[in-house]
Amino acid sequence: MAALCGAFLQRLRAAVHYTTGCLCQDVAEDKGVVFSKQTIAAISEITFRQCGTSQRQLLGMGHAKRSTITSEDVKLLARRSSSLLKYITQKSEELASSNMEQKEKKKKSSAAKGRRIEESETPVTESEDSNMA
């Protein structure tokens, strides 16, 4: 189990390093600067460690007697970085809006299905009713 966890962490660390390198390359092209391999390695290591710290802080929020981490918990964690907090708040609002739109579509489609079922049921007319008697 420990070996599996260690292998997973190594793959995760490599993924963070690769992504950091790609981001640094994009910034370098955009801004006309050069990042050394040591700089990219340092940025990726700091990022990896910060993610670990954030994970422990989020998991530590279990003291609130909850088993679910909410967007509000993530916003609380990001409060030290105003730009990150702004970004997370914006994305959270976009997701909430999207979820509301999907719920409205489901309600409308359910209501439309209900109307189609009602319309497909043939009403009994007065003349048919008298033939049955």
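All of these numbers come straight from a predicted model, not from anything done at the bench. (Residues numbered from 1 in each chain as written. Predicted model: local features only at pLDDT ≥ 70, side-chain atom pairs only at ≥ 80, totals over all residues. Heavy atoms only, no water.)

K.L.:
Lay out the overall build of the protein chain in plain terms, naming residues and giving numbers.
P.N.:
Scanning the protein chain from N- to C-terminus turns up five helices and zero strands. Each helix and strand of the protein chain, ordered N terminal to C terminal, gives the series α-α-α-α-α. Buried residues in the protein chain amount to 14% of all 133 residues. In the structure as shown, the protein chain presents an accessible area of about 11300 Å², 59% of it carried by carbon and sulfur atoms. (Helix = DSSP H or I, 4+ residues; strand = E, 2+ residues; numbered from the N terminus. Buried < 20%, exposed > 50% of the residue type's maximum accessible area, 1.4 Å probe, protein only. Areas by Shrake-Rupley, 256 points an atom, 1.4 Å probe, with all protein chains shown as cover.)

K.L.:
Mind laying out the side chain of Lys 75, listing which residues take part and the relevant values?
P.N.:
Along the chain, the position of Lys 75 falls in helix H3 (residues 71-77). Setting aside chain neighbours within four positions, we find Lys 75 in contact with Leu 85, Ile 88, Thr 89 and Ser 92. (Contact = heavy atoms within 4.5 Å.)

K.L.:
How would you explain the pattern of salt bridges if you had to name every residue and give the values?
P.N.:
Per the counting criterion, the structure on display carries four salt bridges. Among the salt bridges present, the one from Glu 45 reaches Arg 13, with a minimum N-O distance of 2.6 Å. Taken together, the residues Glu 45 in helix H2 (residues 37-60) and Arg 13 in helix H1 (residues 2-31) connect sequence positions 32 residues apart. Residue Glu 45 pairs with Arg 49 through a salt bridge whose shortest N-O separation is 2.9 Å. You can see Glu 45 and its partner Arg 49 sitting in helix H2, four residues apart, about one turn around the helix. Accessibility expressed as a relative area gives 58% for Arg 49, which makes it exposed. Residues joined by salt bridges that share partners form a network here, namely Arg 13, Glu 45 and Arg 49. (Salt bridge = Lys/Arg side-chain N within 4 Å of Asp/Glu carboxyl O.)

K.L.:
Mind laying out a nonpolar patch on the surface, listing which residues take part and the relevant values?
P.N.:
On the surface, Phe 8, Leu 9 and Leu 12 cluster together into a nonpolar patch covering about 270 Å² of accessible area. By secondary structure assignment, the location of Phe 8 is in helix H1. (Patch = residues over 30% accessible without salt bridge, like charges linked within 9 Å, V, L, I, M, F, W, Y side chains within 5 Å.)

K.L.:
Help me get a handle on the confidence of the model for the protein chain, residues and values and all.
P.N.:
The share of residues in the protein chain with pLDDT of 70 or more is 73%, and the mean pLDDT across the chain is 79. Mean pLDDT across the secondary structure elements of the protein chain bottoms out at helix H5 (residues 126-132), with 50, and peaks at H1, with 88. (pLDDT = per-residue confidence, 0-100.)

K.L.:
An account of the environment of Thr 39 is needed here, citing residue identities and associated values.
P.N.:
For Thr 39, the location among the structural elements is in helix H2. According to the relative accessible area criterion, Thr 39 is partly exposed, its value standing at 33%. With 18 residues separating them in the primary sequence, Thr 39 and Gly 21 have C-alpha atoms 9.6 Å apart.

K.L.:
Describe the side chain of Thr 20, naming the residues involved and giving the relevant values.
P.N.:
Its location among the elements puts Thr 20 in helix H1. From its side chain, Thr 20 meets the backbone oxygen of Val 16 in a polar contact 2.7 Å long. In this structure, Thr 20 is in contact with Ile 40, Ile 43 and Ser 44, ignoring residues within four places of it in sequence. (Polar contact = N/O pair within 3.5 Å; in protein donor to acceptor, adjacent residues only side chain to side chain.)

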